[in-house]
Every structure is written in C-alpha cells, then in structure tokens.
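Architecture and fold: a report
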Amino acid sequence: MDSADHGADPNLRTQRLGAYAVVVHDDALLLTRISASGFPAGWWALPGGGVDHGESPHVAVERELYEETGMRARSRRLVDVHDVHVVDLGRGDRYEDFHGVHLLYAVDVDTSVEPRVVEKHGTTDLVRWVPLAELPPQAPDAAPGPLLPVVGYVLDHLDQFKGAPSAP
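Let me begin by describing the structure that accompanies this report. (Residues numbered from 1 in each chain as written. Predicted model: local features only at pLDDT ≥ 70, side-chain atom pairs only at ≥ 80, totals over all residues. Heavy atoms only, no water.)

Focus: helix 1 (residues 57–69)
Counted only if it meets this: The way it works is that DSSP assigns letters per residue, a run of H or I at least four long becomes a helix, a run of E at least two long becomes a strand, and they are numbered from the N terminus. Expected span of a helix: the number of residues minus one, times 1.5 Å. Accessible area is worked out with a 1.4 Å probe on protein chains only. A residue is then buried under 20% of its type maximum, exposed over 50%, and partly exposed in between. The contact criterion used throughout is that any non-hydrogen atoms of two residues lie within 4.5 Å.
Over its 13 residues, helix 1 extends 18 Å from the first C-alpha to the last, a length consistent with the 18 Å expected when each residue adds 1.5 Å. Within the span of helix 1, buried status applies to Ala60, Val61, Glu64, Leu65, Glu67, Glu68 and Thr69. Buried positions along helix 1 lie against strand 1 (13–22), strand 3 (28–34), strand 5 (48–50), strand 6 (73–89), strand 7 (95–109) and strand 8 (124–131). Looking one or two places after helix 1, you find Gly70, whose phi comes out positive at around 70°.

Points about the environment of Gly42
For Gly42, the position within the fold is in the loop between strand 3 and strand 4 (44–45). Residue classification places Gly42 among the partly exposed positions, given a relative accessible area of 30%. Once the C-alpha coordinates of Gly42 and Pro144 are considered, the two residues, 102 residues apart in sequence, prove to be 9.8 Å apart. Once residues within four sequence positions are removed from consideration, Gly42 is found in contact with Arg33, Ile34 and Pro146.

Describing the nonpolar core
A general feature of soluble globular proteins is that nonpolar side chains tend to end up buried together. The criterion, for reference: Within this scheme, the nonpolar core is defined by two criteria: the residues are buried Ala, Val, Leu, Ile, Met, Phe, Trp, Tyr or Cys, and they are joined through side-chain atoms within 4.5 Å.
Leu29, Leu31, Leu46, Leu135 and Val151 are the most contacted members of the largest nonpolar core, which totals 18 residues. It is helix 2 (residues 149–156) that contributes the most residues to this core, four residues altogether. If you look at the next biggest cluster of nonpolar residues, it comprises 15 residues, including Ala19, Leu30, Val51 and Val127.

Some remarks on the side chain of Thr32
When you line up the elements, Thr32 lands in strand 3. Here Thr32 is in contact with Trp43, Trp44, Ala45, Leu46, Pro47, Glu68, Thr69, Thr124, Leu126 and Val127, once residues within four sequence places are set aside.

Quick word on unusual backbone geometry
Both trends apply: most residues other than glycine have a negative phi, and most peptide bonds are in trans. Here Phe39 and Pro40 are connected by a cis peptide whose omega angle stands at -5°. Residue position: Pro40 is located in the loop between strand 3 and strand 4. That bond from Pro136 to Pro137 is cis: its omega, 0°, falls within 30 degrees of zero. Here Pro137 lies in the loop between strand 8 and helix 2. Positive phi is not limited to glycine here, since His121 has a value of about 60°. With relative accessibility at 82%, the residue His121 sits in the exposed group.

Describing helix 2
Residue pairs spaced three or four apart in an α-helix point in one direction, given the helix's 3.6 residues per turn. Under the convention used in this document: Picture the helix axis, draw a direction to every C-beta atom, and the arc is the one those directions span.
Along helix 2, the residues classified as buried are Val150, Val151, Val154 and Leu155. Buried residues of helix 2, seen end-on, are gathered within an arc of 140° and therefore sit on one face of the element. Each element contacted by the buried residues of helix 2 is listed here: strand 1, strand 3, strand 4, strand 6 and strand 7.

Some details on the layout of surface pockets
We apply this condition: Of the grid points, spaced at 1 Å and generated over the protein atoms alone, those admitting a 1.4 Å probe that cannot get out make up cavities, while open sets with protein on both sides within 12 Å along at least five of seven lines make up pockets; any residue with an atom within 4 Å of a point is treated as lining. Grid points are joined across faces, edges and corners, and a volume is the space filled by probe spheres set on the points.
Estimates place the volume of the largest pocket at around 890 Å³. Contributing to the lining of the largest pocket are 34 residues, with Ile34, Phe39, Pro40, Phe98 and Leu148 lying nearest its centre. Only strand 1, strand 3, strand 5, helix 1, strand 6, strand 7 and helix 2 provide two or more residues apiece to the lining of the largest pocket.

Given below as structure tokens:
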C-alpha cells in the first residue's frame, strides 16, 4: 500500500529499529511512560528504544534499559520480533508512514534496585512496576494509561519471556 494513498507525505516515511526489554518480576511488568518530548506522549511502553547506527541491538537494549530505568541487565535473551506499520497523523499533526521493528528481549535485572529514569530530558518521564493483574487481558480497563501495541503483543505472549535468560 502506497503512503500517498493515505495522504502521507512520501518524505515522511520512517523505518525504525528498536530493542526493548521485557522485565517480569513478582507478577509485575516493568513499564515506562513516554514524555511530552516523545510520541505518543503519555502512552506506556517497554523500556527500550532506537538502535543507533552501528550499534549492536544487544548493547542497545542494555543502554536503553539503564537510561530509562536505572537498572542494569544481568542477562538478556532475544525472544521475538514485533512490528507495527502505521500511516496516520504523527508528530506535528502531519501524516507519516511509520514502520517500527521491535526486537524483544527477556531481561533479568537486580530487583532490589528501585527503578528511576536516569536520562534527563529524554522520551521517558516515568518508570514503574505494573502488576499483571492491572493489565490486559486480566484487567482491560485498569492499565495506568494507553499502552503501545508492542506492550499488548508482549502481554499476549508473556509465557515466552518468563524464565531465566541466557548470559550476556
């Protein structure tokens, strides 16, 4: 499907590769909230983000995890790939054709460390453990706010992310 078919500026085509940490502990999932400088602001996401040019995705997931949660990965395991393709209003209320590819890692952390946002003025403004009982499908209307589609995907496939990941 051509982006012009939906009124999207063909110059606003973006493909983004991201690496994301799926961290589960005591029946809670570690989630981050997108700040006003991110998009879409106020939505909840997994800790993670863009893989920089020339950066290993394995390094990127650990870097992003630390920046957004203050936690270090003790181990991580690549589990799955999710993607989303959206042609809709985006940043600046302009139509864009966005394709996000998400590498999903099962990550083990030291849970005695209290999660906190380390990166200042970034795209994350809050991090917290969210009980699975407050997330879909167990509680479809109890989530802390809107969830990115990748979070829903992970919740639907959570059994794949449980268990001890392999060493880094």
